Amino acid sequence: VNLRAVTSWVGIARLFAVVLSCVTFSLVASTGHFEAPYGTWCMFTWCFCFTVTLLVLLLELLELYPMLPLSWDDFTSAFSMLAALMVFTSSVVFPATFINSPCSSSICARQAVATTVSCLCFLAYALEVGLTRAKPGDISSFLSTVPGLLKVFEAYVACLIFSLLDSYSWQAGLQWCVAVYSICFIITLLIIIFTIGRCLSYIPCPLEKILVGYNALALVMYITATIIWPLYNFKDKNRPNPCGSNCAWNKHLGITFLTIFNLIAYLVDLVYSTRMVFI
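Note that this is a predicted model, so its numbers are computed, not measured. (Residues numbered from 1 in each chain as written. Predicted model: local features only at pLDDT ≥ 70, side-chain atom pairs only at ≥ 80, totals over all residues. Heavy atoms only, no water.)

Q: Tell me about the overall build of the chain, and please be specific about residues and values.
A: Regarding its fold elements, the chain presents nine helices and zero strands. Each helix and strand of the chain, placed in order from N terminus to C terminus, yields the pattern α-α-α-α-α-α-α-α-α. A compact globule built from 279 residues should have a C-alpha radius of gyration of about 19 Å, and the chain, at 20 Å, falls within 12% of that. By principal-axis analysis of the C-alpha atoms, the chain measures approximately 60 × 55 × 25 Å. When each of the 279 residues of the chain is scored for burial, the buried share is 44%. A separation threshold of at least 6 residues defines the contact pool for the chain, and within that pool the share at least 24 residues apart is 78%. Distance between charge centroids for the chain: 6 Å, based on 13 positive and 12 negative side chains. (Helix = DSSP H or I, 4+ residues; strand = E, 2+ residues; numbered from the N terminus. Rg over C-alpha atoms; globule rule 2.2 N^0.38 Å. Buried < 20%, exposed > 50% of the residue type's maximum accessible area, 1.4 Å probe, protein only. Contact = heavy atoms within 4.5 Å. Lys, Arg positive; Asp, Glu negative; His and termini not counted. Charge placed at Lys NZ, Arg CZ, Asp CG, Glu CD.)

Have a look at this one:
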């Protein structure tokens, strides 16, 4: 038994994440109000993060993880980053969707407490990301470096974009934007999977320089999407009134901001990757 799995700072952060995620989905489940796609997503997030984090703790406590055919450090770094992003999203989406003002009923009080605990759970995962992030010059675990963590962020933001792409006109410019989101997501996801599966070493090419080239290409593609998407969706189009939660105009605006977020992420990724390879 490896007691450092639960006594180190990383282990303590994971223990907090397990307890807080369990408390969160238990409180929400007790209200019985988590219907519709957004509520289902939030419950899935808390249950998924609780289950995987508990499994990680058990595998490290019993020292069984070396038997797995994957890069354990890359996997745990990628998961902690993904969990932080998922819990943060749920901490924003859940109260915005289910908590109404004034909040006076017992159900609303439990929802408010669940939101607070979910925010604390996000902080626990963010702490784990900070504790496991590779130090400058250390590239033994790629997904724990800044470019590696950015890869997880880019893939997750692309998933959020896809979740909002339920209604758009089939114009050539918008089809190009969807192609940009899809191509960059697929390649980024493959990089993450191959890194965790220890498959990158089999590629007969200078991988670091290929990643720099890919980041530069993805940056250029996202620059075009950042210009074209709002141009096609908002030119000479005013926001309809009323415009509810399922309003297409709001979703297109959300995609615009998410595109900008990924553009910035690919820019930072390119800068860090270039420094790692050439400097």
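Q: Describe in detail the side chain of Thr 89, supporting the description with residues and values.
A: Residue placement: Thr 89 occurs in helix α4 (residues 72–98). Judged by its relative accessible area of 15%, Thr 89 falls in the buried class. Once you skip the residues sitting within four places of it in the chain, Thr 89 turns out to touch Trp 41, Tyr 156 and Leu 160.

Q: Describe the domain arrangement of the chain, and please don't skip the residues or the numbers.
A: Taken domain by domain, the chain comprises domain 1 (1–137) and domain 2 (145–278). With 16 residues of domain 1 in contact, the opposing surface of domain 2 contributes 10 residues. The contact between domain 1 and domain 2 buries some 1300 Å² in all, and 75% of this surface belongs to carbon and sulfur atoms. Three residues stand out in domain 1 for area buried against domain 2, namely Met 81, Leu 85 and Arg 133, and they jointly supply 30% of the buried area on that side. Taken together, the links from domain 1 to domain 2 amount to zero salt bridges. Taken together, the connections running from domain 1 to domain 2 amount to three residue pairs in polar contact (both at pLDDT 80 or more). A total of 10 residues in the side of domain 1 that touches domain 2 trace back to one element, the largest contributor, which is α4. In terms of residue class, the side of domain 1 that touches domain 2 is made up of 11 nonpolar, three polar and two charged. (Domains from an automatic or database assignment. Buried area = accessible area lost by both parts, 1.4 Å probe. Salt bridge = Lys/Arg side-chain N within 4 Å of Asp/Glu carboxyl O. Polar contact = N/O pair within 3.5 Å; in protein donor to acceptor, adjacent residues only side chain to side chain. Nonpolar A, V, L, I, M, F, W, Y, C, P; charged D, E, K, R; others polar.)

Q: Would you mind going over helix α3 (residues 36–61) in detail, with residue names and values included?
A: An ideal rise of 1.5 Å per residue puts 38 Å on 26 residues; α3 measures up with 38 Å between its terminal C-alpha atoms. At the exit of α3 stands Glu 63, carrying a positive phi of roughly 55°. (Expected span 1.5 Å × (residues − 1).)

Q: Give me the lowdown on the packing of α4 against helix α5 (residues 106–132), citing residues and values where you can.
A: Where α4 meets α5, the closest approach of the two axes is 8 Å, and the angle between their N-to-C directions is 160°. As judged from the angle between their axes, α4 and α5 are roughly antiparallel. Considering how the two elements wind past one another, α4 and α5 form a crossing that is left-handed. Across the contact of α4 with α5, the residue classes tally to 15 nonpolar, eight polar and one charged. (Axes fitted to C-alpha atoms, helices over the stretch in contact; angles between N-to-C directions. Parallel < 35°, antiparallel > 145°, perpendicular 65-115°, else oblique. Left-handed = near helix turned anticlockwise from the far one by under 90°.)

Q: Explain the UniProt feature "transmembrane region" (unreviewed entry) in the chain to me, and be specific about the residues and the numbers.
A: UniProt annotation of "transmembrane region" (unreviewed entry) refers to residues 6–29, 41–59, 79–100, 107–127, 173–200, 212–232 and 252–272 when read in the numbering used here. The straight-line gap between the two end C-alpha atoms of residues 6–29 is 28 Å; of that span, 96% is helix and 0% is strand. Across residues 173–200, the secondary structure splits into 86% helix and 0% strand, with the terminal C-alpha atoms separated by 34 Å. (UniProt positions renumbered as here; feature names shortened; annotations may be inferred.)

Q: So what about unusual backbone geometry? Which residues, and what values?
A: Of note in the backbone geometry, Glu 63 takes a positive phi value of approximately 55° without being a glycine. Of note, Glu 63 is situated in the loop between α3 and α4. Judged by relative accessible area, Glu 63 falls into the partly exposed class, the value being 48%.

Q: Kindly report on a nonpolar patch on the surface, identifying the contributing residues and their values.
A: Judged by side-chain polarity, Ile 186, Leu 189, Leu 190, Ile 193, Phe 194, Ile 203 and Ile 210 come together as a nonpolar surface patch covering roughly 540 Å² of accessible area. Of all the elements, helix α7 (residues 172–196) adds the most residues to the nonpolar patch, at five residues. On the accessibility criterion, Leu 189 (32% relative accessible area) is partly exposed. (Patch = residues over 30% accessible without salt bridge, like charges linked within 9 Å, V, L, I, M, F, W, Y side chains within 5 Å. Areas by Shrake-Rupley, 256 points an atom, 1.4 Å probe, with all protein chains shown as cover.)

Q: Mind laying out the packing of aromatic side chains, listing which residues take part and the relevant values?
A: Aromatic ring pairs are defined here through the distance separating the ring centres and the angle between the ring planes. On inspection of all chains with the given rule, the structure shows 15 aromatic pairs. Summarising the aromatic geometry, the rings of Tyr 214 and Tyr 266 are spaced 6.3 Å apart at their centres and angled 85° between planes, so their arrangement reads as edge-to-face. Note that Tyr 214 is positioned in helix α8 (residues 207–234) and Tyr 266 in helix α9 (residues 248–278), a separation of 52 residues in sequence. With a relative accessible area of 11%, Tyr 214 lands in the buried category. Exposure remark for Tyr 266: the relative accessible area of 1% places this residue in the buried category. Cluster of aromatic residues (ring-pair linked, three or more members): Trp 41, Phe 44, Phe 48, Phe 79 and Tyr 125. Geometry around Tyr 272 places Arg 275 over its ring, the cationic atom sitting 5.9 Å from the centre. (Phe/Tyr/Trp six-rings, centres within 6.5 Å; stacked < 30°, edge-to-face > 60°. Lys NZ or Arg CZ within 6 Å of the ring centre and 35° of its normal.)

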